[in-house]
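Architecture at a glance
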Amino acid sequence: MRNIREAQKTRETKETSINIYLNLDNYKDPSISTGIPFFDHMLTQIAVHSSFTLELKAKGDIEVDFHHTVEDTGIVFGQVLNEALNKKVGIARYGFALLPLDETLIEVALDISGRAFLNYDVQIERDKIGNFDTELIYEFLHAFVINSNVTLHITKRYGKNSHHIAEAIFKGLAHSLKNAVKITDNKIPSSKGLIGQ
């Protein structure tokens, strides 16, 4: 029987305190608290649509700005994913989603490659969704990519509603991750015999 793929990590700085538990193989209802309601909503989309267990508690200097909390959450989320995947034996490696949400269509392609790269081809007309800066979506994804060592491409095919665009990005990421981490055999999915070294 295959071991459950899980990881937990805490990161403490003068600006934030982040604790994340991630389980790739069992699903429980998400437990997410960052002090930023819209961000909680987006992280919940990742948990629900990936079928991962995600327990996440973040405290940060949100009275100053949401930036530190969002970026540091991306850092730790990337780290726990990388740790939970371990040597990546048997994974599908690639994930893809073409995610519609009403008038919006977002394309997400992901490779658990061991090489960090983000292509983010998304324009959002509004600077804010509620009190959440839309530029922070990129900051979260960039931190996640650097710390998980994945290659991630996100393209907005079309869309006007800022909330729909943001939500489709997070749902598309979730479905891509769900497909990429699936166990399909017992080999490392690379002709090199290893990933990311």
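Above this text is the structure in question.
Values in this document were obtained by computation on a predicted structure and should not be read as measured data. (Residues numbered from 1 in each chain as written. Predicted model: local features only at pLDDT ≥ 70, side-chain atom pairs only at ≥ 80, totals over all residues. Heavy atoms only, no water.)

**Overview of the overall build of the protein**
- Each helix and strand counted, the protein has four helices and 10 strands in total.
- Listing the helices and strands of the protein from first to last along the sequence gives β-β-β-α-β-α-β-β-β-β-β-α-β-α.
- A compact globule built from 197 residues should have a C-alpha radius of gyration of about 16 Å, and the protein, at 16 Å, falls within 12% of that.
- Projected onto its principal axes, the C-alpha coordinates of the protein cover approximately 45 × 40 × 30 Å. (Helix = DSSP H or I, 4+ residues; strand = E, 2+ residues; numbered from the N terminus. Rg over C-alpha atoms; globule rule 2.2 N^0.38 Å.)

**Notes on the packing of helix α3 (residues 135–148) against helix α4 (residues 162–180)**
- Put simply, α3 and α4 touch, their axes get as near as 11 Å, and they point 20 degrees apart. As judged from the angle between their axes, α3 and α4 are roughly parallel. In the packing of α3 onto α4, the handedness of the crossing is left-handed. Taken together, the residues of α4 that come into contact with α3 (itself represented by Ile137, Phe140, Leu141 and Phe144) are Ala166, Ile169, Phe170, Leu173 and Leu177. (Axes fitted to C-alpha atoms, helices over the stretch in contact; angles between N-to-C directions. Parallel < 35°, antiparallel > 145°, perpendicular 65-115°, else oblique. Left-handed = near helix turned anticlockwise from the far one by under 90°. Contact = heavy atoms within 4.5 Å.)

**Quick look at the pairing of strand β1 (residues 6–12)**
- With seven bridges joining them, β1 and strand β2 (residues 16–23) adopt antiparallel strand pairing. Note that in β2 the partner of Gln8 across the bridge is Tyr21. (Pairing = 2+ DSSP bridges.)

**Brief notes about the sheet that holds β2**
- The strand order across the open sheet built from four strands is β1-β2-β4-β3, with neighbouring strands paired in mixed fashion. Since the sheet does not close on itself, it has two edges, and those belong to β1 and β3 (31–33), each with one partner. Here the strands of the sheet are splayed against their neighbours by 5 degrees on average, with no regard to which way each runs.
- Summarising the sheet, β3 and strand β4 (residues 53–60) pair through three bridges and their orientation is parallel.

**A few points about the nonpolar core**
- Ranked by internal contacts, the top residues of the largest apolar core, which has 56 residues, are Phe77, Leu141 and Ile169.
- By residue number, the principal contributor to this core is α4, which donates eight residues.
- Apart from residues lying up to four places away in sequence, Phe77 is in contact with Ile20, Leu22, Ile46, Leu54, Phe140, Phe144 and Leu177. (Core = buried A, V, L, I, M, F, W, Y, C linked by side-chain atoms within 4.5 Å. Buried < 20%, exposed > 50% of the residue type's maximum accessible area, 1.4 Å probe, protein only.)

**Regarding the environment of Glu125**
- Checked against the element boundaries, Glu125 lands in the loop between β7 (117–121) and β8 (128–129).
- You can call Glu125 exposed: its relative accessible area is 69%.
- In the structure, Glu125 is positioned 112 residues away from Thr13 in sequence and 33 Å away in space, judged by C-alpha atoms.

**Regarding the packing of helix α1 (residues 37–50) against α4**
- Running from amino to carboxyl end, α1 crosses α4 at an angle of 30 degrees, the nearest separation of the two axes being 8 Å. For the pair α1 and α4, the crossing hand works out as right-handed. Residue-level inspection shows Phe38, His41, Met42, Gln45, Ile46, His49 and Ser50 of α1 in contact with α4, the latter providing His163, Ala166, Glu167, Phe170, Lys171, Leu173, Ala174, His175 and Lys178.
- In the contact of α1 with α4, the residues fall into seven nonpolar, six polar and three charged. (Nonpolar A, V, L, I, M, F, W, Y, C, P; charged D, E, K, R; others polar.)

**A closer look at helix α2 (residues 67–85)**
- The first and last C-alpha atoms of α2 sit 27 Å apart over 19 residues, in line with the 27 Å expected at 1.5 Å per residue.
- Phi for Asn86, located one or two positions after α2, is positive at around 55 degrees. (Expected span 1.5 Å × (residues − 1).)

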